[in-house]
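Listed below are the residues making up each chain.
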Amino acid sequence: MAADSENVINLSDSAKFMYHQVGHLTVPGVFDAEQMNELVRDIEQWGEEFLDELPSEKRSWYIDGGIKGKTVLRKLDNPHAHRAKVLNIAKNPRLVGLVESLVGRGVSVYFSQIFFKGPEGGGPKPAHQDNFYFGPTDIKGVITAWIALDDSTLENGCLYFGDGTNLGPVYQHRAPKDEPYNLQLPSEILNLQPMSPAPVPKGGVSFHHGNTFHQSSSNLSTKWRRACALHFVRNDVEFANPALPYDHGLKRKITS
Ligand SMILES: O=C(O)CCC(=O)C(=O)O
């Protein structure tokens, strides 16, 4: 771990204001390259074990259909509950300090995901609002910390956000036929909303409010675009009306 990794990063008032007005904020340099490499090694090992045991009925959801000729995982769920290294990252004081300065003191990780987005075809993530999936008791009490395990660029499929959509409602989402988990914003709403790119350097963190529209496109580059998304909530918040089933027992208190 870097010598200064315990030092807090103080967000300026204008950065906090931006987060609350625009619905997302990128903070570079929260982690160093070696911390990210260590995390990648750990999740790659877990990914191999997961693939070996993946039942055939779940393959189409977890394997990236965009990458031809190779079996590449698209995502893994709840690394914070399964991998000690990810839980350690979730508890990192620099990260937690940033999360708490945006949503308030006392936070938990409720759900988490690794997004792999492999080179030469790693698939897109359609536009959605996390709060539609989570159905939280307080929409303002949910924040995603999206940690860039690689440089995330326009070429390899960085996130795009709908600026200011955090201030609007949570819209009904739809799923394509045969993909019940792939809930997304309907095109008639999305067509009215410009989306702006948010590249993040490796070790940086992109924070977004649970209502903020976000999406990513395919990775057509030769480089990986891996990320670890930690979905934090203030401790008083529950996923009361989730669109998909969540294991509430995996909510892990990070600070009191
Ligand atoms: O990494 C991606 O492409 C999607 C991320 C996402 O949907 C999230 O972090 O909530």
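Refer to the structure presented above.
In this report, we go over the structure that sits alongside the text.

For the rest of this paragraph, the subject is the pattern of salt bridges. One pass over the structure, following the stated rule, counts 12 salt bridges. Salt-bridge contacts for Glu38 lead to Lys85; the nearest nitrogen and oxygen are separated by 3.5 Å. Within this pair, whereas Glu38 is found in helix α2 (residues 33-53), its partner Lys85 is found in helix α5 (residues 84-90), the two being separated by 47 residues in sequence. Of the charged contacts in the structure, one is a salt bridge between Arg234 and Asp236, with a shortest N-O distance of 2.9 Å. A relative accessible area of 17% means that Arg234 is categorised as buried. Overall, Asp236 belongs to the exposed group, its relative accessible area being 52%. Overlapping salt bridges bring together Asp42, Glu49 and Arg83 as one network.

Next up on the list: the sheet that holds strand β7 (residues 196-198). The strand order across the open sheet formed by 4 strands is β4-β9-β6-β7, and the pairing between neighbours is antiparallel. Among the strands making up the open sheet, the edge pair consists of β4 (125-128) and β7. The sheet shows a mean angle of 30° between the axes of neighbouring strands, direction not considered. Bridging between strand β6 (residues 159-161) and strand β9 (residues 214-216) involves 3 bridges; their strand directions are antiparallel.

In this structure the tally under the stated criterion is 9 aromatic pairs. Taken together, a centroid distance of 6.1 Å and an interplanar angle of 75° make the contact between Phe111 and Phe134 edge-to-face. With a gap of 23 residues between them, Phe111 in strand β3 (residues 107-115) and Phe134 in helix α7 (residues 130-134) connect regions that are remote in the sequence. When sorted by exposure, Phe111 lands in the same class as Phe134, which is buried. Aromatic ring contacts, followed pair by pair, group Tyr110, Phe111, Phe134, Phe239 and Tyr246 into a single cluster. Over the ring of Trp61 we find Arg74; its NZ or CZ atom is 4.3 Å from the centre of that ring.

Cut-offs and rules
- Residues numbered from 1 in each chain as written.
- Predicted model: local features only at pLDDT ≥ 70, side-chain atom pairs only at ≥ 80, totals over all residues.
- Heavy atoms only, no water.
- Salt bridge = Lys/Arg side-chain N within 4 Å of Asp/Glu carboxyl O.
- Helix = DSSP H or I, 4+ residues; strand = E, 2+ residues; numbered from the N terminus.
- Buried < 20%, exposed > 50% of the residue type's maximum accessible area, 1.4 Å probe, protein only.
- Pairing = 2+ DSSP bridges.
- Axes fitted to C-alpha atoms, helices over the stretch in contact; angles between N-to-C directions.
- Phe/Tyr/Trp six-rings, centres within 6.5 Å; stacked < 30°, edge-to-face > 60°.
- Lys NZ or Arg CZ within 6 Å of the ring centre and 35° of its normal.

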